[in-house]
Protein chains: 2
Amino acid sequence: MENIGKILVVDDEADILEFISYNLKKEGYEVYTAPNGKEAMPIAKKVKPDLILLDVMMPVMDGIETCKRIKADSDFDQTYVVFLTARSEDYSEIEGLDAGADDYIAKPIKPKVLVTRLNAILRRKIKELAAPSIKVKDLHIDRESFLIYRGEQKIQLARKEFELLFLLASKPGKVFTRENILEKVWGDEVLVVDRTIDVHIRKIREKLGDEYIGTVKGVGYKFEV
Amino acid sequence: MENIGKILVVDDEADILEFISYNLKKEGYEVYTAPNGKEAMPIAKKVKPDLILLDVMMPVMDGIETCKRIKADSDFDQTYVVFLTARSEDYSEIEGLDAGADDYIAKPIKPKVLVTRLNAILRRKIKELAAPSIKVKDLHIDRESFLIYRGEQKIQLARKEFELLFLLASKPGKVFTRENILEKVWGDEVLVVDRTIDVHIRKIREKLGDEYIGTVKGVGYKFEV
DNA sequence: TATGGCTCTTAACAATTAGATAACAATTAC
DNA sequence: GTAATTGTTATCTAATTGTTAAGAGCCATA
């Protein structure tokens, strides 16, 4: 099954971890686990999960504390946090989930419920994140139609060209290293020589003109502001 | 705020009713309330809400029973039902929400969660209900008759072809990925190879001409504007 | 219950095009 | 001036899409 998202599950009970993990993997998620908040943080930092499923009650660093730290870290702007709340726990405590959790799921967990809920949350997320279009300078870079508009003019870019321009234009002025670009545009397991980027830059310049993309020698490329 | 939909809230606890009602009204919904299933039915019949928010546990006629009746009534084909489940309730019972509910929300209710969730559900609904016929370019794509009119000419498409064209034409210019298309035209549990789409596209082009549907390589198809 | 016609799906092969690379030219930094 | 870096072009190939045809299933009608 194809991969549809990364989920980090944090719970101190090994069998619950196992149970959830199994069900989410079956659904096609890439699942990571940690037994408490403290150990979860570095994993979260590393894998940048789309969603963190967090038990509220844990020994070393509890869910609420963990959630607060996550929400305070701009690395996790794009990360959803969902609490797992044992129903025996007092809800007044969970009310304290104004720590910033996005949702919560009550134990005991039914697999179908869990999966349905997480699917719904992540679907929402994907939708929200998919920045539909960027307007910079006289360009309107539109993901919906995969077209670049300049005034009345429509410019068609090839897919990689589009993604590359989109990336650069998403932070005008910021210099992206080739490494950077490869990671974002080509993805994790990159199998291409980084000079390939140069060729794509060339093609974009050919189609749009030289004034949009600048070269910072020894560093990378940027969208000129 | 403009009106974005009618919601009927059914719960036996007056303060919860009040709380939900307040938050939904603030969001722009037209809100109706009832204290139990029995009283809810005639109201539902009358106002034809877009969505019914239903407490599972209620004295006179509980949520599951109410839901069954609603789902059995063709008047409510277009009505979404969402359960409110108190945490103390046994989830095995909620499993019985195979009574046909479309979603459920756990108590205690967080306003943000409630509103976000309902918005999402209703957005989906509005989209589904949208326009029985579309006029784009020189085409009149008519759901009633499943025919395409081009001037005086009537063009007959097969069902899947029609649905596919209808989808693309519902957002002219927007590129739909194959995944996208499968989800919307074929439905959730898709059992077909995505190349099937290509063949349908071919047939549509054969019947209508090549000028309507464009290919965005590596991405998907779109209705050309 | 055959028969024929339709729709849908798939597989196989052809055509096309985006993308990758290498090779060489130009430019820049030191 | 030289080495390092980037620009540019041409070529090749791998991925994607187009196209055709064949078979399965369905339904209406004889």
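Just so it is clear, the model here is predicted, and its values are computed rather than measured. All residue numbers refer to position in the chain's written sequence, counted from 1. Chain A is the first chain written and ligand 1 is the first ligand written, with later ones labelled in order. Only residues with pLDDT of at least 70 get local features here, since the model is predicted, and only at 80 or more are side-chain atom pairs given and counted; chain-wide, interface and lining totals rely on the full set of residues. Side-chain numbers come from the whole structure's heavy atoms, not from hydrogens or water.

Participant: Provide a residue-level description of the protein's contact with DNA strand C, including the pertinent values.
Facilitator: Throughout, the term near means that a residue has one or more heavy atoms lying within 4 Å of the molecule or strand in question. In the vicinity of DNA strand C, 24 residues are found, and the nearest of them are Trp186(A), Val193(A), Ala158(B), Lys160(B) and Val193(B). Of all DNA strand C atoms lying within 4 Å of any protein atom, the proportion belonging to sugar or phosphate reaches 76%. The term polar contact refers here to a pair of N or O atoms within 3.5 Å; inside protein, the definition further demands a hydrogen-donor-capable atom paired with an acceptor-capable atom, and it admits residues adjacent in sequence only when both atoms are side-chain atoms. Contacts to DNA strand C include Val193(B), whose backbone N or O atom sits 2.7 Å from a phosphate oxygen. At 3.3 Å from a phosphate oxygen of DNA strand C is found a side-chain nitrogen or oxygen belonging to His200(B). Per the convention used, a helix needs a DSSP run of H or I reaching at least four residues, while a strand needs a run of E reaching at least two, with both numbered from the N terminus. Those elements that place two or more of their residues in the surface near DNA strand C are helix 6 (159-170) and helix 8 (195-208) of chain A together with helix 6 (159-170) and helix 8 (195-208) of chain B. In this classification, Asp, Glu, Lys and Arg are treated as charged, Ala, Val, Leu, Ile, Met, Phe, Trp, Tyr, Cys and Pro as nonpolar, and every other residue, Gly included, as polar. Considering only residue class, the surface near DNA strand C consists of twelve nonpolar, four polar and eight charged.

Participant: A description of the protein's contact with DNA strand D should follow, citing residues and the corresponding values.
Facilitator: Within the structure, DNA strand D sits among 24 residues, and Thr215(A), Gly218(A), Tyr221(A), Thr215(B) and Tyr221(B) are positioned closest to it. Taking the atoms of DNA strand D that fall within 4 Å of the protein, sugar and phosphate contribute 56% of them. Within the side chain of Arg195(A), one N or O atom sits 2.8 Å away from a base nitrogen of DNA strand D. Contacts to DNA strand D include Thr215(A), whose side-chain N or O atom sits 2.6 Å from a phosphate oxygen. When contributions to the surface near DNA strand D are tallied by element, the ones reaching two or more residues are helix 8 and strand 11 (213-216) of chain A together with helix 8 and strand 11 (213-216) of chain B.

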